[in-house]
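Observations on the three-dimensional arrangement
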Amino acid sequence: MDELIQRAAEDLAAARNVVALTGAGISVDSGIAPFRGKGGLWEKFDPMEVAHIDAFMSDPARVWNLLVKDLKETLDTASPNDAHKGLAKLEEMGKLTTVITQNIDGLHQAAGNTDVIEFHGSFAWQRCLDCNQKYETSEVDISEIPPRCSCGGILRPDAVFFGEMIPQDAMWRSRQAASDCDLMMVVGTSAVVQPAALMPVYAKESGAKVVEVNPERTPLTVETSDYLIMGKAGEVMNRIIRELEQNTGKP
Ligand code: NAD
Ligand code: ZN
C-alpha cells in the first residue's frame, strides 16, 4: 500500500484538474451504513426493492419505517470524517475542482467543498407528494409515520429513488467534469449503480488517470482504474494528503 500512496501523491502533485466521484463508502466512518459491502443495509433487506420509487408509492409508511426514518435520525447528527476533509483539503490546495457524489448526506459541503454535484439529489429536504411544498428534513416531525405536509399530503425525500431519473443538470455537469479532469479519484463506491458508474469511464476515455480507494475490488478495478488503493477512505486520504504535503514542501 505504501507504494500506491506514494504514487497517488505524485499523480495528484502532477494533476491540474482533479475530480472526485464518491459513494456511500466514504461516509461509513461518519456512521452512515452503505447499501453494499460489509455492514451494508443489503444484509437486512434488498435496497433495490425498498429504495425503489414503486415501493415508496405503494407503501410510503413501510419505506419510511425501514429506511428513511433511520437515515433522518443518523443524518441529523452526522459530521464529515477524514475522507471528506481530505477532499476539502485537496480543493484548498488548488487541485480538486468538483466532487460528484452519489451520497445524499450533505457531508462534502459540510467539510468545505464548494462545487458538489449531488447526482442522486439530497436528503436535506422532504417534499410533499401532493403540493410539492418543501420542508427541511431536520425540522420534520416523525412522531407519526409517514410524516405529512400541512395540506395532508405525504412527505418524501427530495432524493432520487431507484427507478427515477437523474436530475438533468447533475447528469450533464458530471459528464462535463468527468471529461475535463486529468485525474479522477473514485472513493467508496461499489460502482454498480448506473449511470454514476460511467463517470470514471468518461474520465478514462478523455485521457484522465483513475485512482480508486475502496477496501474491496469493484467492476472498475480491472478495466478502468489505473490502480486501486485497498483501504478505508479516511485512513487512505490522510496518508495521501500527508505525502502530498511533504512532496510539495508544505508543513
Ligand atoms: P454502495 O453501498 O453500493 O457501496 C459502498 C462501497 O463502499 C462498497 O464498494 C464498499 O466496499 C465501500 N466501502 C465500505 N466501507 C468503506 C470505507 N470505510 N472506505 C471506503 N470505501 C468503503 O454505495 P454506492 O456505490 O454509493 O451506491 C449506493 C447508492 O446508495 C448510492 O446511489 C447512494 O446514493 C445511496 N446511499 C447513500 C448513502 C449516503 O448518502 N451516505 C448511504 C447509503 C446509500
Ligand atoms: Zn402538501
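Per chain, the residues get numbers from 1 upward, laid out in the order the sequence is written. The naming scheme follows written order: chains are lettered A onward, ligands numbered 1 onward. Reporting of local features is limited, given that this is a predicted model, to residues whose pLDDT is at least 70; pairs of side-chain atoms are given and counted only at 80 or more, and all residues count toward the totals for whole chains, interfaces and linings. Here the side-chain values reflect all heavy atoms present in the structure, with hydrogen atoms and water set aside.

**Thoughts on the coordination of the zinc ion (ligand 2)**
Surrounding the zinc ion (ligand 2) are the protein donor atoms Cys-128 (SG), Cys-131 (SG), Cys-149 (SG) and Cys-151 (SG), at 2.3 to 2.4 Å. Think of the donor list as every N, O and S atom within 2.8 Å of the metal, or within 3.2 Å for Na, K and Ca; water never makes the list, so a site can look incomplete. Here the metal geometry follows the donor angles, with tetrahedral for four donors whose angles all fall between 85 and 135 degrees, square planar for four and octahedral for six when opposite donors are more than 155 degrees apart and every other angle is between 65 and 115, and irregular for all the rest. Angles of 104 to 120 degrees at the metal separate the 4 donor atoms of the zinc ion (ligand 2), which places the site in the tetrahedral class. Summarised as a motif, the one-chain spacing of the donors to the zinc ion (ligand 2) is C-x2-C-x17-C-x1-C. Within this pair, whereas Cys-128 is found in strand E4 (residues 121–128), its partner Cys-151 is found in the loop between strand E5 (134–136) and strand E6 (155–159), the two being separated by 23 residues in sequence. On the basis of relative accessible area, Cys-128 is assigned to the buried category, the value being 1%. Helical segments are the DSSP runs of H or I of at least four residues, strand segments are the runs of E of at least two, and each set is numbered from the N terminus. Three exposure classes are used, based on accessible area relative to the maximum for each residue type with a 1.4 Å probe and protein chains only: buried under 20%, partly exposed in between, and exposed over 50%.

**A few points about the site of ligand 1**
Consider each residue's heavy atoms; a residue with any of them within 4 Å of a molecule or strand counts as near. In the vicinity of ligand 1 lie 25 residues, with Phe-35, Arg-36, Gln-102, His-120 and Ser-190 positioned nearest. What qualifies as a polar contact is a pair of N or O atoms within 3.5 Å, subject to a donor-acceptor requirement within protein and to the restriction that residues adjacent in sequence count only when both atoms come from side chains. Here Gly-188 contributes a backbone N or O atom positioned 3.3 Å from an oxygen atom of ligand 1. All accessible-area figures derive from a Shrake-Rupley calculation using a 1.4 Å probe, and residue coverage is judged against the displayed protein chains alone. Alone, ligand 1 offers 850 Å² of accessible surface; in the complex the protein occludes 94% of this. Looking at the shell around ligand 1 residue by residue, the classes come out as 11 nonpolar, 10 polar and 4 charged. Residue ranges for the domains trace back to a domain assignment, done automatically or taken from a database. Summarising the domain contributions, the shell around ligand 1 has at least three residues from each of domain 1 (1–32 + 80–120 + 165–251) and domain 2 (33–77 + 124–159). Just so you know the grouping, Ala, Val, Leu, Ile, Met, Phe, Trp, Tyr, Cys and Pro go in nonpolar, Asp, Glu, Lys and Arg go in charged, and all remaining residues, Gly too, go in polar.

**Some remarks on the side chain of Thr-22**
For Thr-22, the location among the structural elements is in strand E1 (residues 18–22). Within the structure, Thr-22 has its side chain in polar contact with the side chain of Thr-101 (distance 2.7 Å). Contacts are assigned to residue pairs that have any heavy atoms within 4.5 Å of one another. Those residues in contact with Thr-22 that sit more than four places away from it in its chain are Leu-87, Val-99, Ile-100, Thr-101, Gln-102, Asn-103, His-108, Val-187 and Thr-189.

**Thoughts on the packing of helix H1 (residues 2–14) against helix H10 (residues 233–247)**
At their nearest, the axes of H1 and H10 sit 9 Å apart, and the two run at 55 degrees to each other. One way to sum up the angle between H1 and H10 is to call them oblique. Two packed elements cross with a definite hand, and for H1 against H10 that hand is right-handed. Packed against H1, whose contacting residues are Asp-2, Ile-5, Gln-6, Ala-8, Ala-9, Glu-10, Leu-12 and Ala-13, the element H10 presents Val-236, Arg-239, Ile-240, Glu-243, Leu-244 and Asn-247 at the interface. A class-by-class count of the residues in the contact of H1 with H10 yields 8 nonpolar, 2 polar and 4 charged. As a rule, the C-alpha atoms of each element are fitted with a line to give its axis, helices using only the stretch in contact, and angles between N-to-C directions run from 0 to 180 degrees. Here is the rule for angles: anything less than 35 degrees is roughly parallel, anything more than 145 is roughly antiparallel, 65 through 115 is roughly perpendicular, and the remaining ranges are oblique. Handedness of a helix crossing follows the sense of rotation of the near helix relative to the far helix, less than a right angle counterclockwise being left-handed and clockwise being right-handed.

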